[in-house]
There are 2 protein chains.
Amino acid sequence: MAGAKSFVEVPAGSHFPIQNLPFGVIRRSGSPQAPPRPAVAIGDFALDLSAFADAGLFDGPVLSGSPCFHQETLNMFLGMGRPAWKEARATLQKILSADEPVLRDNEALRKKCLVPMSDIEMVLPITVGGYTDFFCSVHHARNCGFIFRGPQTPVNPNWFHLPIGYNGRASSVVVSGTDVIRPRGQGHPTGNSAPYFGPSQKLDFELEMAAIVGPGNELGKPININDAEEHIFGLALMNDWSGTTISPWIVTLDALKPFTCEAPKQEPEPLPYLAEKNHINYDIPLEVWIKPKDQSDASIVTKTNFKHLYWTVTQQLAHHTINGCNMRPGDIFATGTLSGPEPDSLGCLLELTWNGQKEIPVGNSTRKFLQDGDEVILTGCCKGEGYNIGFGTCTGKVLPALP
Amino acid sequence: MAGAKSFVEVPAGSHFPIQNLPFGVIRRSGSPQAPPRPAVAIGDFALDLSAFADAGLFDGPVLSGSPCFHQETLNMFLGMGRPAWKEARATLQKILSADEPVLRDNEALRKKCLVPMSDIEMVLPITVGGYTDFFCSVHHARNCGFIFRGPQTPVNPNWFHLPIGYNGRASSVVVSGTDVIRPRGQGHPTGNSAPYFGPSQKLDFELEMAAIVGPGNELGKPININDAEEHIFGLALMNDWSGTTISPWIVTLDALKPFTCEAPKQEPEPLPYLAEKNHINYDIPLEVWIKPKDQSDASIVTKTNFKHLYWTVTQQLAHHTINGCNMRPGDIFATGTLSGPEPDSLGCLLELTWNGQKEIPVGNSTRKFLQDGDEVILTGCCKGEGYNIGFGTCTGKVLPALP
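Residues numbered from 1 in each chain as written. Chains lettered and ligands numbered in written order. Predicted model: local features only at pLDDT ≥ 70, side-chain atom pairs only at ≥ 80, totals over all residues. Heavy atoms only, no water.

Scanning chain A for helices and strands turns up 9 helices and 24 strands. Rg of the C-alpha trace for chain A: 22 Å, near the compact-globule value of 22 Å for 403 residues, within the 12% margin. For chain A, the spread of C-alpha atoms along the three principal axes comes to 75 × 55 × 40 Å. Across the 403 residues in chain A, those meeting the buried criterion constitute 59%. Summarising the internal contacts of chain A: among those between residues at least 6 apart in sequence, 71% fall at separations of at least 24. Seen as two clouds, the 32 positive and the 41 negative side-chain charges of chain A have centres 3 Å apart. (Helix = DSSP H or I, 4+ residues; strand = E, 2+ residues; numbered from the N terminus. Rg over C-alpha atoms; globule rule 2.2 N^0.38 Å. Buried < 20%, exposed > 50% of the residue type's maximum accessible area, 1.4 Å probe, protein only. Contact = heavy atoms within 4.5 Å. Lys, Arg positive; Asp, Glu negative; His and termini not counted. Charge placed at Lys NZ, Arg CZ, Asp CG, Glu CD.)

Listed below in structure tokens is the structure:
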């Protein structure tokens, strides 16, 4: 597959060659009445999967006749599991390949199926029933512990026994490009004073990745650690700030396969329910950029990699369900802030500025925390031999707090 | 309305007279193909609202022709807000009243609409998009603080500045009657030992009430404290254990109106966004019973009242959204364990047995925490003059942990 080529032109450096084919949900801009439909990205085009299915091109045993691509979200397709995902990928890679004429040489069909990215709007690709945020980067845990609790025991010993997660709010998960209003709330009292009320003074981004659940599990029946991969459809970029933002294209674990790498050795050894035969991560270089409203360019503020993650996504899922908690297709669980070991690989401003004790350069200005008008841009891209498996971008702009 | 009577026989002491009319979703037992449909309870009958609507009996401006009662959940009806709720209640109370012949004297229609409770199964009445659990009983907060942190500052000063809530897991909210499997997980290490893995040793119930959200709010746009009541459809009983159980019938705030009472005085005074013109609670006597599997009768273990709640449900909702968090129809937010001031009014075994330091009698046995086979039964009922506004029961039985 590494050398595969599509008849669809894929610009050099594109995140979306035929080897990737990430899934999202598009709305065609010209037709406000047309319902959102599942799609895959290829070069600068989105391939409308409902049009592709209407043309009878999904002719395999699982997808032929299935309504899964005539939905407004990917949830039904996610729930069908790996047989459906593998068949979709194989069919799409075949039909999109340079030497397959059926779509290539049918101009009318091509126009129906392939929509220029400039003519679409991306919508949230899933109905998110549950969203859990883990805390699985040891570098992030250590830095936060140091900042808030001091140098004695920056990481609580228990952190090394289980992946810590908290229930996040599913309703406020939004798709990349959605503006984020600076939240208001109560602030810390000083001494014996009463707390104050006002806009958040330390608004931050958090560079994370979200795993998207495929088939779920019944309440009371945990997912075995060694089956967990079958329940994960893919990964997306995530910024866990106010209004959790995810990238519109979900990159499948199948597309990421060439970029697997050994996950960090775990000491102490995890309990049996967390001990996995295949203890792997993915080598995904990640970056965060900030574009202040009065600057024309974005500036990079951190550069890290998914591969540093201490607790793997499969361990997270096994732990999440060990108490019997049920997952459903389209649920997401995120890694927590992905910090690396180096000072310029930290995944949030809290760490980069050491809770505002120092400033970092952002173009011709500096930041301790985010300012109104700042646009935050997350990106990630695996570099293969002659091709990329990229995630596109996950962006959002900070709007001022309500008066 | 206090003296109103229905032509449907309502046994003395029933929770469901014509003054109540709580909403739920029923499935007729005889017809497995028939989809679940919204209903209200009246005496020992459920009134199928889809059949009632089909007969053209909802003839008001909001509900006439609306598909809201041909859904499998109440979410659409909840989202329509108080005008729809008020119209539904008025129409139902009129048509069900003893002197209204249209349903009373039409036997065929009565058979279509009124189903004996023995012929139905209750299903989860809402699709729960978000579930938040608050911690709003000062007695519960004080007891837990005392047990876990000692007598110095049992309640953190900040507790009195805002209603504390945490995101709960929406996927595991189940309807009354659903068995609950004892969860497994990691247990506390002692000294320098590693944590152990096994079944929960201190499985508890938590007596709570859940508020059910009607119309939601847009992300970024808080709900004003003095509008919050318009966003709350009603209340249900809730047991917040493993698999959060709610009672099947939701009692509307309209039905609870005669039982409003002053809420506890708050000191310090809340910040302006939490200061409400109408600072009220509801006088709802609540009980918890336990029925061990080898005993024929359930025994009462606690008796308390909703009216002790320190932070009201409207304050909870205003606080929940003040940071911009969006709520959606069918979301639920719960009070946290509802403990009263007396030793026999505590809402969970943790408090009743002081974390297992003593045992409480349960029929001819005793309990520190729940044992396999125990059925827990929550109930609540407001006593009016000659009628009740009751919540029915919220039950669940503990099954042994997986091997």
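Picking up after the structure, the text goes on.
Turning our attention to the interface of chain B and chain A. Counting from both sides, the interface comprises 38 residues of chain B and, opposite them, 38 residues of chain A. The contact between chain B and chain A buries some 2900 Å² in all, and 58% of this surface belongs to carbon and sulfur atoms. Three residues stand out in chain B for area buried against chain A, namely B:Asn167, B:Arg169 and B:Gln186, and they jointly supply 23% of the buried area on that side. One salt bridge in this structure joins B:Asp331 and A:Arg169, with 2.7 Å as the shortest N-O distance. Where chain B touches chain A, the interface holds 11 residue pairs in polar contact (both at pLDDT 80 or more). Among the elements of the structure, β6 (131-134), β7 (165-168), β10 (184-187), β11 (196-199) and α8 (313-322) of chain B are those that each provide at least two residues to the side of chain B that touches chain A. (Buried area = accessible area lost by both parts, 1.4 Å probe. Salt bridge = Lys/Arg side-chain N within 4 Å of Asp/Glu carboxyl O. Polar contact = N/O pair within 3.5 Å; in protein donor to acceptor, adjacent residues only side chain to side chain.)

Residues and elements named next belong to chain A. In spatial order, the strands read β4-β3-β2-β1-β5; together these 5 strands make up an open sheet with antiparallel pairing. Because the sheet does not close on itself, it has two edges, and the strands there are β4 (114-116) and β5 (120-123). With strand direction ignored, the average angle separating the axes of adjacent strands in the sheet is 50°. Examined bridge by bridge, strand β1 (residues 23-28) and strand β2 (residues 37-42) share 4 bridges and lie antiparallel to one another. Considered in β2, the bridge of Val25 is made with Pro38. (Pairing = 2+ DSSP bridges. Axes fitted to C-alpha atoms, helices over the stretch in contact; angles between N-to-C directions.)

Let's shift gears to the domain arrangement of chain A. All names here are of chain A. Annotation of chain A at the domain level lists domain 1 (23-123) and domain 2 (131-184 + 199-399). Counting residues at the interface gives 20 residues for domain 1 and 18 residues for domain 2. Summing both partners gives a buried area of about 1500 Å² for domain 1 against domain 2, and 64% of it is carried by carbon and sulfur. Three residues stand out in domain 1 for area buried against domain 2, namely Phe23, Leu78 and Arg82, and they jointly supply 40% of the buried area on that side. Summed over the shared surface of domain 1 and domain 2, the result is 3 salt bridges. Counting every contact that joins domain 1 to domain 2 gives 6 residue pairs in polar contact (both at pLDDT 80 or more). Among the elements of the structure, β1, β2, α2 (75-79), α3 (82-95) and β5 are those that each provide at least two residues to the side of domain 1 that touches domain 2. Across the side of domain 1 that touches domain 2, the residue classes break down as 13 nonpolar, 4 polar and 3 charged. (Domains from an automatic or database assignment. Nonpolar A, V, L, I, M, F, W, Y, C, P; charged D, E, K, R; others polar.)

Let's shift gears to the relation of the copies chain B and chain A. Each of the two chain copies goes to the other by way of a rotation about an axis and a shift along it. Overlay of chain B on chain A (RMSD 0.0 Å): rotation 180°, translation along the axis 0.0 Å. Given the turn and translation reported, the copies of this chain are related as if by a two-fold rotation axis. Every residue of chain B has its C-alpha some distance from the rotation axis, and the shortest such distance is that of B:Asn167, at 2.7 Å. (Least-squares fit on C-alpha atoms with pLDDT ≥ 70 in both.)

Annotation from UniProt places "domain: Fumarylacetoacetase-like C-terminal" (unreviewed entry) at residues 132-398 of chain A. Measuring from the first to the last C-alpha atom of residues 132-398 of chain A gives 23 Å, for a span that is 11% helix and 33% strand. (UniProt positions renumbered as here; feature names shortened; annotations may be inferred.)

Any space left empty among the atoms is revealed by the rolling of a water-sized probe across them. One pass over the full model with this rule turns up 2 cavities of 30 Å³ or more. In this structure, the largest cavity occupies an estimated 110 Å³ of space. Forming the walls of the largest cavity are 17 residues, and the residues nearest its centre are A:Gly168, A:Ala170, B:Gly129, B:Gly168 and B:Ala170. Going through the elements one at a time, β7 (165-168) of chain A together with β7 of chain B are the ones with two or more residues in the lining of the largest cavity. For the lining of the largest cavity, the residue count by class is 4 nonpolar, 10 polar and 3 charged. In this structure, the second largest cavity is lined by B:Leu21, B:Phe23, B:Trp85, B:Arg89, B:Leu92, B:Thr252 and B:Asp254. (1 Å grid on protein atoms, 1.4 Å probe; cavity = no way out; pocket = protein on both sides within 12 Å on 5 of 7 lines; lining within 4 Å. Points joined across faces, edges and corners; volume = space filled by probe spheres on them.)

Between its first and last C-alpha, helix α3 (residues 82-95) of chain B extends 20 Å over 14 residues, near the 20 Å set by a 1.5 Å rise per residue. By the criterion of burial, α3(B) is predominantly enclosed, with 10 of the 14 residues buried. (Expected span 1.5 Å × (residues − 1).)

A separate point is unusual backbone geometry. Along the chain, A:Glu267 connects to A:Pro268 via a cis peptide bond; the corresponding omega equals 5°. Relative to the assigned elements, A:Pro268 resides in the loop between β16 (260-262) and β17 (280-282). The residue B:Asn355 is not glycine, and still its phi comes out positive at about 55°. Looking at the secondary structure, you find B:Asn355 in the loop between α9 (349-352) and β21 (360-362). Note on B:Asn355: relative accessible area 22%, which makes it partly exposed.

So, about the packing of aromatic side chains. Counting across every chain of the model gives 34 aromatic pairs over all chains. Feature note: the residues A:Phe23, A:Phe52, A:Phe58, A:Phe69, A:Phe77, A:Trp85 and A:Phe233 constitute an aromatic cluster, connected by ring pairs. (Phe/Tyr/Trp six-rings, centres within 6.5 Å; stacked < 30°, edge-to-face > 60°.)

Next up on the list: the pattern of salt bridges. Per the stated rule, a full pass over the model turns up 24 salt bridges over all chains. Between B:Asp374 and B:Arg367 there is a salt bridge; the shortest N-O distance is 2.7 Å. Salt bridges sharing partners connect three or more residues here, namely A:Arg82, A:Lys86, A:Glu230 and A:Asp254.

For the rest of this paragraph, the subject is the environment of A:Phe7. All names here are of chain A. Checked against the element boundaries, Phe7 lands in the segment before β1. A sequence separation of 356 residues divides Phe7 from Gly363, and the C-alpha atoms of the two residues are 39 Å apart. Discounting residues that sit within four places of it in the chain, Phe7 has contacts with Ile95, Leu96, Ser97, Ala98, Glu100, Leu103, Arg104, Arg110 and Leu114.

The next thing to look at is the sheet that holds strand β5 (residues 120-123) of chain B. Two modes of strand pairing occur in sheets, parallel and antiparallel, and in both the strands are linked by backbone hydrogen bonds. All names here are of chain B. Read across the sheet, 5 strands follow the order β4-β3-β2-β1-β5 without closing on themselves; strand pairing throughout is antiparallel. The open sheet has two edge strands, β4 (114-116) and β5, and neither has a second partner. Looking at each pair of strands side by side, their axes are set apart by 50° on average, direction ignored.

Residue and element names in this part refer to chain A. Along the polypeptide, Thr244 turns up in strand β14 (residues 244-246). Assessed through its relative accessible area of 4%, Thr244 is described here as buried. C-alpha separation for the pair Thr244 and Asn355, spaced 111 residues apart in sequence, amounts to 21 Å. Non-local contacts of Thr244, meaning those with residues more than four positions away in its chain, are made with Tyr131, Ser172, Val173, Val174, Met238 and Asn239. A polar contact of 3.2 Å, which involves the side chain of Thr244, links it to the side chain of Asp240.

Here we come to the UniProt feature "domain: Fumarylacetoacetase N-terminal" (unreviewed entry) in chain A. Following the UniProt record, one finds the feature "domain: Fumarylacetoacetase N-terminal" (unreviewed entry) at residues 19-125 of chain A. Along residues 19-125 of chain A the backbone is 34% helical and 21% strand, and the end-to-end C-alpha distance reaches 20 Å.

On to the confidence of the model for chain A. Of all residues in chain A, 100% attain a pLDDT of 70 or more, and the chain-wide mean is 96. Both scores are given for the predicted complex: the pTM is 0.97, the ipTM 0.95. (pLDDT = per-residue confidence, 0-100.)

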